[in-house]
Amino acid sequence: MYEKDGERYFVVDGHVHFWDASPENQANEFGAGFINCFYDYHRNLSPPEEVWSLERFQRYSEQDLMHDLFEVGYVDVAIFLPTYLTDFYRRGFNTTEQNAAVADRHPGRFIVDGSWDPRDGDAGLAALEELAERFQLRGVKLYTAEWRGDSRGWRLDTPEAARYLAKSQELGIRNIHVHKGPTIWPLDRDAFDVSDVDHVATDFPDLNFIVEHVGLPRLEDFCWIATQEPNVYGGLAVAMPFIHTRPRYFAQVLGELLYWIGEDRILFASDYAIWRPQWLVERFVDFEIPADMTEYPELTTTVKRKILGLNAAGLYDIDVPHDLRVGLAPEETTAIGSEPARPA
Amino acid sequence: MTTRAAVLDALAGVRDPELDEPLTELGFVSGVSLDDGEVAVRLRLPTYFCSPSFVYLMAADAHAAVAALPGVGAVRVEVDDHFAGTAIGDATASEEGFGAAFPGESAGEPDALRERFRRKALAARQARIAERMLAAGRTPAQLAAATLADLPPEPDRERCRALRSELGVDAAPAAPAFVRPDGAPLASAEELTRFLRVARLVRVSLEGNGELCRGLLRTRYGEPAPEEAIA
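Chain B appears in an unreviewed UniProt entry as Metal-sulfur cluster biosynthetic enzyme from Conexibacter arvalis.

With an unreviewed UniProt entry as reference, chain A is termed Amidohydrolase-related domain-containing protein, source organism Conexibacter arvalis.

Below is the structure:
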C-alpha cells in the first residue's frame, strides 16, 4: 500500500521475477546474451542510483526480492510470471516450481502463474493439468519467442495453441499473459506482431489476455486489437521506467492507452528485478500528463488507483481492503474501446 | 576507385526498416574497411537479440548498396555481437536470401515485413507533418484538400514521397498530401481527422522505439563521437 497526500493506493505488481541467470546456470552464449540484454534495459532506463552490478543482477537473493517488493516497494501482492528458457539456462530462468517455493514461504504475498508451450503436444497438456492442480493456477505466462531445440518460436492462432487455451479454460485458468519476443515461426514475419492475440481473444471470450509490455514495440498494434477485443488488457512492464528517462514519451504511451482502451484495462508492473517498484510507484503517483498535451485525458487519482492495483485485483480476485476499493467498479469511460469483460 | 566516403554515403541510403532512419544516423555502422576493391562493413545493433528479420534486411540492403558502387569487388557485411550475426553475414555474402540464413525456419523472404513497415513509416511521417501544420493554424479541411506540393519542404515530406514511390502510391506534386497507408484517399476533413488519430499512435510508437534503440545502443557500446563510431 502506498500513501501520498492523504490518498492511499493498493498496489499489485503484475509482473515480477526471481530469476537465476548466474554464469553457473547459463547453458550457452544465448543465456549470457539474454541476461546481458536485460541488464542493458536495466542500466539504460533506471535512475543512476538504482543501477545494480551485473553480478547482483544475475542472481539476487530472496531477501532482496522481499525487501524490494514488500518492505520498501509498497507492493501488496505480486504476480510471478515464469520464464522457463530451458534452452538457455540449465535449471531454467525462473520456473513455476521455483517461484512457488518462494511464494510458499511468504503466504498471501504472491500469485504464482504457470506456463505452457503448444509445441509440447499431448504430454504438455497432461503436464499443464498437473501444474494447474498443484499450484491452483489462475493465470499463465506465455512467451512466444521461446527457443525449443530447432524451433525459435510459436504463434497463438494455431490449432495446437487452441487446445491449450481450451484446456486452460477447463482448468479454471482465466488470465493468459502474452509476452512477445524477437523470434517467431516463421522467422520472416514480425515476431512482435500481436494479431494472433486478436484471433484467440475472439475465439476465447471468457479468457482474459494480458499483453505484456502493452505490446511494445508494437503499441499501435496492441491498441488496435485491444480497442476491438474487450478481454484484452495491457501490462505496463518496460513502459513504466520511461517515466524517468522519457517522461513525455511515457505520457504519450499512457495517453494513447487511456484514449484507446481506457483506464480499466491497464495494469501496473515493474518487471522486477529489471526495475524496482519503489521508485516506479512513487513517480507514477506524482505523475501528470504535461499541460501542453491537451489531446490526452487527465490522469486522476482514480485512474492511478485502478492502474496500480485495482484492475489486476479484479482479474485475480484479490481481496482489496474495503477502504482502498475506490473506483473498483468500471466507470463510464470515453475510451474508444469497449468496457472490459470481467468474468464473474 | 571507391573511397571510404563513397561507402559511407551508400550506407547512409540504407535504413532500419522498422525505424525508417538511416543506419549511419542510428549509429549502427561500426566499421568500414577497403582493401583493393574489397569492402568490409561492420554493423552493430542495440541488442544481442534484435529481430533477425530486421537485421537481415539491413545487412542485405547494406550489401546491395555497397556492391552497386563502381569499382567494388567482393563485399562482406559482418554483424557484431548478435545471436545470428554469422548466419546473416554468410547469407548476404552468398546473396542466397533470408531462407539461406535460417534454413527451415522461414516461410519466404521478409518482403511483406518490409512493406508493412514502410506503410507504418508513411503514416507516422504524415502524422508529424499534419500535427505541425495544425499547430500552425491550418484546418483539417485545408489539410484534406492539400497536395504534396502544398506541404512545407521538409525532410518528412521528401521521405513521404520516397515511401509512396516505393509503395506504388502516387507521389506526384499534384497528388493528395495525405493518404491512407494503402494509398486510398482521405475524402473529407472528418476522414482525415480520424486517420490522423491512428497515425499519431503509430508515430508515438515508432518514435518511442527509435529512442529506446538509440538508448540501448549507447548503453551497450558507450557514446562515441560519430567519427569514432566509424573506426
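Our next topic: the nonpolar core. Core analysis: the biggest nonpolar cluster contains 136 residues, and Val197(A) and Phe209(A) have the highest contact counts within it. Broken down by element, this core gets its largest block of residues, 12 residues, from helix α9 (residues 189–221) of chain B. Each residue touching Val197(A), except ones within four places of it in the same chain, is listed here: Leu156(A), Val178(A), Phe209(A), Val211(A), Ile225(A) and Val232(A). With 39 residues, the next largest nonpolar core counts Val14(B), Leu43(B), Ala60(B) and Ala101(B) among its residues.

The next thing to look at is α9(B). In this model α9(B) runs 47 Å from its N-terminal to its C-terminal C-alpha over 33 residues, within 8% of the 48 Å that 1.5 Å per residue would give. Looking one or two residues beyond α9(B), the residue adopting positive phi is Gly222(B), at roughly 75 degrees.

The next point concerns the UniProt feature "domain: Amidohydrolase-related" (unreviewed entry) in chain A. In this numbering, the UniProt entry assigns the feature "domain: Amidohydrolase-related" (unreviewed entry) to residues 12–317 of chain A. Secondary structure across residues 12–317 of chain A divides into 43% helix and 10% strand, with the first and last C-alpha atoms of the span separated by 12 Å.

All names here are of chain A. Spatially, β3-β4-β5 is the arrangement adopted by the three strands of the open sheet, whose pairing is parallel. One side of each edge strand has no neighbouring strand; the edge strands of this open sheet are β3 (12–16) and β5 (110–112). Put simply, the sheet's adjacent strands are angled 20 degrees from each other on average, direction ignored. For β3 and strand β4 (residues 77–80), the ladder comprises three bridges, and the chain directions are parallel. Looking across to β4, one finds that Asp13 is bridged to Ala78. Most of the contacts of helix α4 (residues 96–105) go to β5, to which it runs at about 155 degrees, and overall it touches β4 and β5.

Reading guide: rules and limits
- Residues numbered from 1 in each chain as written.
- Chains lettered and ligands numbered in written order.
- Predicted model: local features only at pLDDT ≥ 70, side-chain atom pairs only at ≥ 80, totals over all residues.
- Core = buried A, V, L, I, M, F, W, Y, C linked by C-beta atoms within 7 Å.
- Buried ≥ 20, exposed ≤ 12 C-beta atoms within 10 Å, placed from the backbone.
- Helix = DSSP H or I, 4+ residues; strand = E, 2+ residues; numbered from the N terminus.
- Contact = placed C-beta atoms within 7 Å.
- Expected span 1.5 Å × (residues − 1).
- UniProt positions renumbered as here; feature names shortened; annotations may be inferred.
- Pairing = 2+ DSSP bridges.
- Axes fitted to C-alpha atoms, helices over the stretch in contact; angles between N-to-C directions.

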